[in-house]
Amino acid sequence: MKKKTVMIMCAVFTMLTSIVSCSGKAQRSADTIPADTLQASLIIPDSTPLNDAVGKLSDSINHVKINPTDKQDHDGLMFWTSDKICNTNPELVLLLDTLYRYTRSKGENESVNVKETLNWMKAYRKQLCDYYDRNKLGSDTIAGYAKADTVLNHAERLWDIDKDESTMGRIVYNSTYYSWIIFKQYNSLIELLDLCENDKQKSLLIKEQEAWENLEKEFIKLFFCCVDLCYWEGSISGVISSAGVCSVWECHIEMNNKELNDLSDNEILGEDSGVFLSCAEDLFISSCTTAIKKYYECGEDKNYQKVYKNAIQQNKKLKPLLRNWIKTRNAWIDEIRRDSLFDWYERNTSSVLLGLANILSSIY
């Protein structure tokens, strides 16, 4: 096997394992965007002031070029991005490379630290807003949250111009999309925090996010085990795993967006329907147990049996994490809810659990 092929395969494995968790202690300060990374990724004409080059990239994408050495670094986004995309909008690719690297700068076993990640994401959102304003992507009167989301929507369209539908291509795209999803999660969290009326509400919301990430991290490990049990040594497992991780986070983002709409005094999104929280909790727990049984096939392969045992152990970890998340959710709901909407907020919690159960049941 050629050396480059081996390197790419190893990098893909690293890509998949690194997306299990995006929270925890960053390898660099979370208070500022790593400007040195941006600087190293740019070739700016000598006439451009250094501070402008680092702080705002460049006022024109015509002044921004991809450094050839960046295309050789498989830890960065540019290694996985086609030349056509890079050359179409190098400024945006480099900006997204910073986010891509940050979401992979956490160790799998590092503890969740929402406050540190929040600080980094707030600084990064300003970079996205600067890009939005500099390139005149729309109205300059909309909120920063909307500007940031607009830039990521542009990114999705940019990647669509040269989308690779091969197995490898789909894994790479899902991994890239994952970094955008993590930002969208924190962008909605920042917006919710800004709507809080006092420090107590903010504290409860951060605790809910921490409890969610602890649950999400262990659930994804179980999901990976189930994918392996179902598609042992199959190439499609990488596609399903990388897509599933994004779907897990989207469940929580959707819940946040519903509550943002309510707290902003807009009409409630969706129909007034759902299931009781206790029923959703039971269904989620049952789905996890059922998934392991459904996807397991008897065999003598020792590695396969190890995955099966790991799945059983992961399932045992979920119950206390689930109950802790529900407890922190209820504390948040009690503090911010309107009396007439208590059941509505509970159904939002239920929707997340139903979404997770659906992700597990859709593996095959």
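Residues numbered from 1 in each chain as written. Predicted model: local features only at pLDDT ≥ 70, side-chain atom pairs only at ≥ 80, totals over all residues. Heavy atoms only, no water.

Caption draft 1: Spatial organisation of the overall build of the chain. The secondary structure content of the chain amounts to 13 helices and zero strands. Along the chain, helices (α) and strands (β) appear in the sequence α-α-α-α-α-α-α-α-α-α-α-α-α when read from the amino end. When burial is assessed residue by residue, the chain has 52% of its 364 residues classed as buried. Here the contacts in the chain between residues at least 6 apart in sequence split such that 76% fall between residues at least 24 apart. Surface summary for the chain: the accessible area is close to 17400 Å², and the carbon and sulfur share equals 49%. (Helix = DSSP H or I, 4+ residues; strand = E, 2+ residues; numbered from the N terminus. Buried < 20%, exposed > 50% of the residue type's maximum accessible area, 1.4 Å probe, protein only. Contact = heavy atoms within 4.5 Å. Areas by Shrake-Rupley, 256 points an atom, 1.4 Å probe, with all protein chains shown as cover.)

Caption draft 2: Expanded view of the packing of helix 5 (residues 90-102) against helix 8 (residues 167-195). The interhelical angle for the contact between helix 5 and helix 8, taken along N-to-C directions, is 85°, at an axis separation of 9 Å. Taken together, helix 5 and helix 8 sit at an angle that is classed as roughly perpendicular. Counting all contacts with helix 5, which are made through Leu96, Leu99 and Tyr100, the residues of helix 8 involved are Ser175, Thr176, Ser179, Trp180 and Phe183. (Axes fitted to C-alpha atoms, helices over the stretch in contact; angles between N-to-C directions. Parallel < 35°, antiparallel > 145°, perpendicular 65-115°, else oblique.)

Caption draft 3: Spotlight on the packing of aromatic side chains. Tallying each qualifying case throughout the model produces 16 aromatic pairs. Seen in terms of ring centroids, Tyr296 and Tyr304 are 5.9 Å apart; in terms of plane orientation they differ by 20°. Their pairing is stacked. Three or more aromatic residues link up through ring pairs in this structure, and these residues are Tyr102, Trp120, Tyr124 and Phe183. Here Arg104 stacks its cationic end above the ring of Tyr100, 3.9 Å away from the centre of that ring. Over the aromatic face of Tyr173 sits the side chain of Lys163, whose NZ or CZ is 4.2 Å from the ring centroid. (Phe/Tyr/Trp six-rings, centres within 6.5 Å; stacked < 30°, edge-to-face > 60°. Lys NZ or Arg CZ within 6 Å of the ring centre and 35° of its normal.)

Caption draft 4: Highlighting the pattern of salt bridges. For the structure shown, the criterion picks out 11 salt bridges. A salt bridge links Glu91 to Arg134; its shortest N-O distance comes to 2.7 Å. One end of the pair, Glu91, is in helix 5; the other, Arg134, is in helix 6 (residues 114-134), and 43 residues separate them in sequence. Neither residue differs from the other here; Glu91 and Arg134 are each classed as buried. For Glu259, the salt bridge is made with Arg329, and the minimal N-O distance between the two is 2.8 Å. Placement of Glu259 in helix 10 (residues 236-263) and of Arg329 in helix 12 (residues 302-336) is noted, with a sequence separation of 70 residues between them. Take Glu259 and Arg329: they sit in the same class, and that class is buried. (Salt bridge = Lys/Arg side-chain N within 4 Å of Asp/Glu carboxyl O.)

Caption draft 5: Broad picture of helix 7 (residues 144-160). End to end, helix 7 covers 25 Å across 17 residues, agreeing with the expected 24 Å (1.5 Å per residue, within 8%). Inspection of helix 7 places Tyr145, Lys147, Ala148, Val151, Leu152, Ala155, Leu158 and Trp159 among the buried residues, and these make up the whole buried set. Of the surrounding elements, those touching the buried residues of helix 7 are helix 4 (83-88), helix 5, helix 6 and helix 8. (Expected span 1.5 Å × (residues − 1).)

Caption draft 6: Looking closely at the environment of Leu95. With respect to the element layout, Leu95 can be found in helix 5. In the structure, Leu95 is positioned 33 residues away from Leu128 in sequence and 7.9 Å away in space, judged by C-alpha atoms.

Caption draft 7: Here's a closer look at the state of the cysteines. All told, the structure shown has zero disulfides when counted by the stated rule. Here Cys225 is not disulfide-linked; the sulfur of Cys226 is the nearest cysteine sulfur, at 6.9 Å. (Disulfide = S-S within 2.5 Å.)

Caption draft 8: Structural context of unusual backbone geometry. For Lys136, which is not a glycine, the phi torsion comes out positive at approximately 50°. For Lys136, a relative accessible area of 71% gives the class exposed. Despite not being glycine, Glu233 shows a phi value in the positive range, around 65°. With respect to the helices and strands, the residue Glu233 is situated in the loop between helix 9 (199-230) and helix 10. Accessibility expressed as a relative area gives 70% for Glu233, which makes it exposed.

Caption draft 9: Looking closely at the side chain of Ser188. Mapping Ser188 onto the fold places it in helix 8. One polar contact links the side chain of Ser188 to the main-chain carbonyl oxygen of Gln185, over a distance of 2.7 Å. Sequence-distant contacts of Ser188, that is, excluding residues within four places in its chain, are made with Asn256, Asn257 and Leu260. (Polar contact = N/O pair within 3.5 Å; in protein donor to acceptor, adjacent residues only side chain to side chain.)

Caption draft 10: The arrangement of the side chain of Gln201 in detail. By the element assignment, Gln201 lies in helix 9. A distance of 2.7 Å separates the side chain of Gln201 from the backbone nitrogen of Glu197, its partner in a polar contact. Setting aside residues no more than four positions away along its own chain, Gln201 makes contact with Cys196, Trp332, Glu335 and Ile336.

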